[in-house]
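Breakdown of the fold
Here is what each chain is made of, one letter per residue.
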Amino acid sequence: QVQPVESGGGLVQAGGSLRLSCVASGLAFNSVTVAWFRQAPGKAREFVAAISWSGSSTKYVDSVKGRFTISRDNAKNTLFLQMNSLKPEDTAIYYCAVAPISTLLTPTPSNYRYWGQGTQVTVSS
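Now for a quick tour of the structure.

The rules behind each value
Residues numbered from 1 in each chain as written. Predicted model: local features only at pLDDT ≥ 70, side-chain atom pairs only at ≥ 80, totals over all residues. Heavy atoms only, no water. Pairing = 2+ DSSP bridges. Helix = DSSP H or I, 4+ residues; strand = E, 2+ residues; numbered from the N terminus. Axes fitted to C-alpha atoms, helices over the stretch in contact; angles between N-to-C directions. Core = buried A, V, L, I, M, F, W, Y, C linked by side-chain atoms within 4.5 Å. Buried < 20%, exposed > 50% of the residue type's maximum accessible area, 1.4 Å probe, protein only. Contact = heavy atoms within 4.5 Å. Disulfide = S-S within 2.5 Å. Salt bridge = Lys/Arg side-chain N within 4 Å of Asp/Glu carboxyl O.

Here's the deal with the sheet that holds strand S1 (residues 5-7)
If you walk across this open sheet you meet the four strands as S1-S3-S8-S7, and the pairing is antiparallel. Every other strand in the sheet has two partners, leaving S1 and strand S7 (68-73) as the edge strands with one partner each. Between one strand axis and the next, the sheet turns through 15 degrees on average, direction left out of account. As paired elements, S7 and strand S8 (residues 78-83) share six bridges and run antiparallel to each other. Residue pairing in the sheet places serine 71 in a bridge with phenylalanine 80 of S8.

Below, the structure written as C-alpha cells:
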C-alpha cells in the first residue's frame, strides 16, 4: 500500500517559515511525479507545486512563486516544501500527492493517485 505521510505543519506568524515533508513508501518514488496541494476552509483543493522524478523540473502556482520551494530526496523517498514569507492566505491543509508514473507537471488533482492525510498550516496576521 502506498500511503504518503506529511509532517511539518503548524502555527506561524506572517512573514515566518515552515518546511513540510512527505514520506511515500511502497512505490518507486524515484520514478514518479509528486506535488503539493492545499485546501482552505470552504474552498476547492488548489495546486501549489509539482516536481519531476529527477527534481530537474518544477512548477508553481503564481501566488507562491518566489516564496515556496519544492524539492525531493529520492534516496529517502521524501518530498519537501520550504515555505518562506508566509501570508495569512497561505492558511490551509497541505496535501502530498503522488502520480502513478512520471508525468508532465500537471496541476490537475485527478492525475495524482496517492494522497496523504494532510498537515495543517496556519498563518496568523
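Structure's up, so let's keep going.
A word on unusual backbone geometry
Despite not being glycine, asparagine 77 has its phi angle at roughly 50 degrees, a positive value. Among the secondary structure elements, asparagine 77 is positioned in the loop between S7 and S8. Located in the positive-phi region is serine 85, a residue other than glycine, with phi close to 50 degrees. Secondary-structure assignment places serine 85 in the loop between S8 and strand S9 (92-98).

Comments concerning the nonpolar core
In terms of nonpolar packing, the biggest core is built from 37 residues, with Trp36, Leu79, Leu81, Met83 and Tyr94 touching the most fellow members. Residue assignment for this core shows that the elements contributing at least two residues are strand S3 (18-23), strand S4 (34-39), strand S5 (46-51), S7, S8, S9 and strand S11 (119-124). Broken down by element, this core gets its largest block of residues, six residues, from S9. With near-sequence residues (within four places) excluded, tyrosine 94 lies in contact with Glu6, Leu20, Trp36, Phe37, Arg38, Val48, Phe68, Leu81, Met83, Gly118, Thr119 and Val121.

Examining the state of the cysteines
Throughout the structure, instances matching the rule amount to one disulfide. Bridging cysteine 22 to cysteine 96, the disulfide has an S-S length of 2.2 Å. Here the disulfide of cysteine 22 and cysteine 96 is left-handed, its torsion about the S-S bond being about -75 degrees. With cysteine 22 in strand S3 and cysteine 96 in strand S9, the pair connects residues that are 74 residues apart, well separated along the chain.

Topic: the pairing of S4
Most of S4 sits inside the fold, with five of its six residues counted as buried. Of the pairings in the sheet, the one linking S4 to S5 comprises five bridges and is antiparallel in character. What sits directly across from valine 34, in S5, is isoleucine 51. The hairpin formed by S4 and S5 contains six residues between the paired strands, and glycine 42 there has a positive phi angle of roughly 75 degrees. As paired strands, S4 and S9 are joined by six bridges and run antiparallel to one another. Among the inter-strand pairings, arginine 38 is bridged to a residue of S9, identified as tyrosine 94.

A closer look at the pattern of salt bridges
The final tally for this structure, using the stated rule, is four salt bridges. Its salt-bridge partner being arginine 38, residue aspartate 90 comes within 3.0 Å of it at the nearest N-O pair. In this pair, aspartate 90 sits in the loop between S8 and S9 while arginine 38 sits in strand S4, placing the two residues 52 residues apart along the sequence. Between aspartate 90 and arginine 67 there is a salt bridge, with the nearest N and O atoms lying 2.8 Å from each other. Taken together, the residues span a long stretch of sequence, with aspartate 90 in the loop between S8 and S9 and arginine 67 in the loop between strand S6 (58-60) and S7 at a distance of 23 residues. An identical accessibility class is assigned to aspartate 90 and arginine 67; each is buried. Each of Arg38, Glu46, Arg67 and Asp90 takes part in one network of salt bridges that share partners.

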